[in-house]
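# Overview (structure and organization)
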Amino acid sequence: MNNQQFPADLLRRHKAVNEKLKKFKRVLFKRFGPNVSEISDEFNQLAIEFKNASLLEYAGLSWQNAAECEHIIENSYAEIDYLLKAARSYHDADIKLEKLCIRSNDRAFIECALQCYNNAITLLPDGSPMKAAVVREMLKVKPSVEVSSGFTSPSHKIHELEVAAKVCVQRKDFTSALDKRTEVMDSINERNVQYLYVDVIRRNELSRLLLLLLLELPSTRLVESHTSLLERFTKMPSDHQYAEQIGLSNDLFLCLSELVLACRKKKMPPAADTLDRLFLYKSLDTEHYLLLEELSKKCNQ
């Protein structure tokens, strides 16, 4: 293709194929209209060429057009496939803009991606692993979106709860975050499969511990698992076996124990010193650092 004609040639071809689809919609007797399967193939080919040319938003649009064609001929499997390709292409377009530092506040490409994900989800049966996978992918694009797959896999439920808990922390809704983190632990303990979720347990126990210190709930509002968790970090001698079970180093466990004791005894200067030490640990997650920052603000008030 002549460089001077690029990308105008691709855009002209897209317009021409789009006119074929419009013509089909206008024709009263559809058998006399253009072949929709062929139009779908043309849109798919255009999408590939747009993607190769790094025109990702046009690739997304072309795959969305192809999905519309498959919807007309009631080929739901191909429709879902094209919708997911469109969603991913729109998401990649948004990432590209961010890297170029020219992304707008309305994030139009993300909204296009979410629309495609939603359309795909409506075509998938409730409780299916495929629907669960699409929901999971959608939540990575926008964690705050409210959507449920209806999938009953315990692992998927735990993942959805963890994503929801992270969003709650970002919104500083610490009570809801604690509830969701506790629900994760209840789900694991009820099935007695702790050995399968060591990393999840470590992540959730640390978050719950820091959330409990932040919220300072009265004893009447503490559930048994909250009380038990706080006791593990305050009883003497220290529960090194528990630390080992959840993958905590002894020094981190002791540092957290110092923080719990200082906070519960309202000794703010020692608590602040301990917080400074905790910030140095590289094994903590982003959410843990956010909660430590909130605790640090509280100590400095």
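Residues numbered from 1 in each chain as written. Predicted model: local features only at pLDDT ≥ 70, side-chain atom pairs only at ≥ 80, totals over all residues. Heavy atoms only, no water.

## Overview of the pattern of salt bridges
What counts is decided by this rule: Salt-bridge detection follows one rule: a side-chain nitrogen of Lys or Arg within 4 Å of a carboxyl oxygen of Asp or Glu. Going along the chain from the N terminus, every DSSP run of H or I of four or more residues is numbered as a helix, and every run of E of two or more is numbered as a strand. Exposure is judged per residue with a 1.4 Å probe applied to protein chains only, and the accessible area is read against the type maximum: over 50% gives exposed, under 20% gives buried, and values in between give partly exposed.
Evaluated as defined, the whole model comprises 15 salt bridges. E49 is paired through a salt bridge with R13; the nearest N and O atoms lie 2.9 Å apart. Here E49, found in helix α2 (residues 36-52), pairs with R13, found in helix α1 (residues 8-26); they are 36 residues apart in sequence, far enough to count as distant. What makes E49 partly exposed here is its relative accessible area of 22%. Residue classification places R13 among the partly exposed residues on the basis of a relative accessible area of 30%. Among the salt bridges present, the one from E137 reaches R88, with a minimum N-O distance of 2.7 Å. In this pair, E137 is assigned in helix α6 (residues 129-141) and R88 in helix α4 (residues 76-99), connecting sequence segments 49 residues apart. One continuous salt-bridge network, built from bridges that share partners, spans E162, R181, R203 and E287.

## Section: the packing of aromatic side chains
Selection rule: Here a Phe, Tyr or Trp ring, Trp counted by its six-membered ring, pairs with any other such ring whose centre lies within 6.5 Å, and the pair is stacked when the planes are under 30 degrees apart, edge-to-face when over 60, and tilted otherwise.
Applying the stated criterion to the full structure yields four aromatic pairs. An aromatic cluster of three or more residues is present, and its members are F233, Y242 and F253.

## So, the nonpolar core
As a reminder, the rule being used: Nine residue types can take part in a nonpolar core, namely buried Ala, Val, Leu, Ile, Met, Phe, Trp, Tyr and Cys, and a core is a set of them joined through side-chain atoms within 4.5 Å.
Counting residues in hydrophobic clusters, the biggest one holds 47 residues, and the most contacted among them are I188, F233, L248, L256, L259 and L278. Listing elements by their share of this core, those giving two or more residues are α7 (154-170), α8 (174-191), α9 (198-215), α10 (224-232), α11 (240-245), α12 (250-264), α13 (268-278) and α14 (286-299). Of all the elements, α9 adds the most residues to this core, at nine residues. Listed in part, the 38 residues of the second largest apolar core include I39, A67, A86 and L114.

## Examining empty space enclosed by the protein
Cut-off, in case you're wondering: As defined here, a cavity is a set of points on a 1 Å grid over the protein atoms alone where a 1.4 Å probe fits but cannot get out. A pocket is an open set with protein on both sides within 12 Å along at least five of seven lines, and residues line them when an atom is within 4 Å of a point. Grid points are joined across faces, edges and corners, and a volume is the space filled by probe spheres set on the points.
Scanning the entire structure with this criterion turns up one cavity of 30 Å³ or more. Considered as a void within the structure, the largest cavity measures approximately 50 Å³ in volume. Around the largest cavity sit L206, L210, L256, L278, L284, H288 and L292, which together line it.

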